[in-house]
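Observations on chain architecture
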Amino acid sequence: IVLIDRMIQGISCDCVLVDNVNAAEKAVGMLVEEQHQKIGLIGGPDEVFTARQRMLGYMKALKAHGIAVDEKLICHGDYTIQGGFSSRRAGERES
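It should be emphasised that the depicted structure is a prediction, and the values quoted were computed from it without experimental measurement.

Moving on to the overall build of the protein. Helix and strand content of the protein: three helices and four strands. Secondary structure elements of the protein occur, N-terminal to C-terminal, as β-β-α-β-α-β-α. Based on the C-alpha atoms only, the size of the protein along its principal axes is roughly 45 × 30 × 20 Å. Evaluated residue by residue, the protein yields a buried proportion of 33% over its 95 residues. In the protein, of all internal contacts separated by at least 6 residues, the share reaching a separation of at least 24 is 54%.

What follows concerns the packing of helix H1 (residues 20-33) against helix H2 (residues 49-64). Between H1 and H2, the least distance of the axes is 7 Å, while the angle of their chain directions is 40°. Considering the angle they form, H1 stands oblique to H2. As H1 runs across H2, the sense of the crossing is right-handed. Across the interface between the two elements, Asn20, Val21, Ala24, Glu25 and Val28 of H1 pack against Thr50, Gln53, Arg54, Leu56, Gly57, Tyr58, Lys60, Ala61 and Leu62 of H2. A per-class count over the contact of H1 with H2 returns seven nonpolar, four polar and three charged.

Cut-offs and rules
Residues numbered from 1 in each chain as written. Predicted model: local features only at pLDDT ≥ 70, side-chain atom pairs only at ≥ 80, totals over all residues. Heavy atoms only, no water. Helix = DSSP H or I, 4+ residues; strand = E, 2+ residues; numbered from the N terminus. Buried < 20%, exposed > 50% of the residue type's maximum accessible area, 1.4 Å probe, protein only. Contact = heavy atoms within 4.5 Å. Axes fitted to C-alpha atoms, helices over the stretch in contact; angles between N-to-C directions. Parallel < 35°, antiparallel > 145°, perpendicular 65-115°, else oblique. Left-handed = near helix turned anticlockwise from the far one by under 90°. Nonpolar A, V, L, I, M, F, W, Y, C, P; charged D, E, K, R; others polar.

What follows is the structure, given as structure tokens:
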């Protein structure tokens, strides 16, 4: 078994991973270069490895650029288009 872009706790096997931390850092960095300051994240479920890695990169980039984390700009979907829209709308209602 070879896992693609996933690590599953309790399963010991080879995996091919994207550097999600670095990719998220670069994405946020590009937005900062374009003078954006309110940068949000629609991430995946907390229990998913890739979602945690992307969140880490997002947080690291904000910190590196001196931007405070605004929890109202962070929401979690289920990696579907509808899930992204739904989680964002829920976040807008809370703010």
